[in-house]
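Chains, contacts and geometry: an overview
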Amino acid sequence: DNVDVSAEWYYAANSYLSADVFFKNINNFVVTGTSTLILDNVIDPWTSKGAVFTLTQPRNGPTADVYGIELAWQHMIGDTGLGYAMNGTIVQSDTPYNPKNLNTNAFAITGLADSANFVAFYDKNGFEIRFAANWRDTYLDHFGQGQASGTQFGSEPVFVNGVWTLDASTSYDITENINAYFEASNLMNVAYSTRGRFSDQVLDVVGTGRSFTAGVHFRL
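Now for a quick tour of the structure. Fair warning: this is a prediction, and the values are worked out from it, not measured in the lab.

**Digging into the sheet that holds strand E12 (residues 178–185)**
Reading across the sheet, the nine strands line up as E1-E2-E5-E6-E7-E8-E11-E12-E15 and stay open at both edges, with antiparallel pairing between neighbours. A single partner strand is all that each edge strand has here, and the edge strands are strand E1 (2–12) and strand E15 (211–218). Here the average twist between neighbouring strands, direction ignored, is 10 degrees. In terms of strand pairing, strand E6 (residues 82–93) meets strand E7 (residues 115–124) through eight bridges, oriented antiparallel. In the strand pairing of E7, Tyr-84 is matched with Ala-120.

If you want it as structure tokens, here you go:
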């Protein structure tokens, strides 16, 4: 169930301010849960008691609320073709993940993260150039680490670390049907990295490097 309240103000040509406040109530969220399974008819030879297993399986999580605000601003500087656009999102949940909770049924909604973007651009007479700075805060990606699944503490969390990235692109309309473009991604050569419960529990660090793309578009 979702409730959104938004407002927009177009104060000049191609320039506007907007705000959106949202609330979402989520139930039957499917997560991977871990529980203790005791088989009385299977005897553990070490304890002479019923064998104890850790059972990991999909289950319906508890009800949770998600709420936040989104803000955006785009502004054109007169008729110069210069402008900028920025937006940001702040999002929270009433069930944040508690890394100190060792309960096997620990629950939190995945994928929630504050984010922000800033784009500076020039777009006029068939020529366009853009520089985009993007930020996303650390967020819970999923439960279940390959090296720790099924432990006594349940499925361990995997967090994606927050990161800033910088991208650039440019294009030129050679004719009405032919457009040449160039794109550069991850100019700051930022690595993708994940961690466990705490910031010093490094899981993966992947360096994808910078990437560059050039080409020509032909439109019929």
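And the narrative resumes.
**Quick look at the layout of surface pockets**
A volume near 370 Å³ is recorded for the largest pocket. Contributions of two or more residues to the lining of the largest pocket are made by E6 and strand E9 (139–143). When residues in the lining of the largest pocket are grouped by element, the largest group, three residues, is from E6. A per-class count over the lining of the largest pocket returns 11 nonpolar, four polar and three charged. Approximately 190 Å³ is the volume found for the second largest pocket. Forming the walls of the second largest pocket are 14 residues, and the residues nearest its centre are Val-163, Thr-165, Val-190, Ala-191 and Tyr-192. Looking at the lining of the second largest pocket residue by residue, the class counts come to six nonpolar, six polar and two charged.

**Looking at the packing of aromatic side chains**
Inspection of the entire model under this criterion finds nine aromatic pairs. Taken together, a centroid distance of 5.2 Å and an interplanar angle of 50 degrees make the contact between Trp-9 and Tyr-11 tilted. Aromatic ring contacts, followed pair by pair, group Trp-73, Tyr-84 and Phe-118 into a single cluster. Here the guanidinium or amino end of Arg-195 rests over the ring plane of Phe-159, the centre of that ring lying 4.5 Å away.

**Quick word on the pairing of strand E2 (residues 15–26)**
Relative to E2, E1 is paired through nine bridges, and the arrangement is antiparallel. Residue pairing in the sheet places Ser-6 in a bridge with Asp-20 of E2. Taking the residues between adjacent antiparallel strands as the criterion, E1 and E2 are bridged by two residues, where Asn-14 takes a positive phi near 60 degrees. As paired elements, E2 and strand E5 (residues 64–76) share 11 bridges and run antiparallel to each other. The partner of Ser-18 across the bridge, within E5, is Ala-72.

Conventions and cut-offs
Residues numbered from 1 in each chain as written. Predicted model: local features only at pLDDT ≥ 70, side-chain atom pairs only at ≥ 80, totals over all residues. Heavy atoms only, no water. Pairing = 2+ DSSP bridges. Helix = DSSP H or I, 4+ residues; strand = E, 2+ residues; numbered from the N terminus. Axes fitted to C-alpha atoms, helices over the stretch in contact; angles between N-to-C directions. 1 Å grid on protein atoms, 1.4 Å probe; cavity = no way out; pocket = protein on both sides within 12 Å on 5 of 7 lines; lining within 4 Å. Points joined across faces, edges and corners; volume = space filled by probe spheres on them. Nonpolar A, V, L, I, M, F, W, Y, C, P; charged D, E, K, R; others polar. Phe/Tyr/Trp six-rings, centres within 6.5 Å; stacked < 30°, edge-to-face > 60°. Lys NZ or Arg CZ within 6 Å of the ring centre and 35° of its normal.

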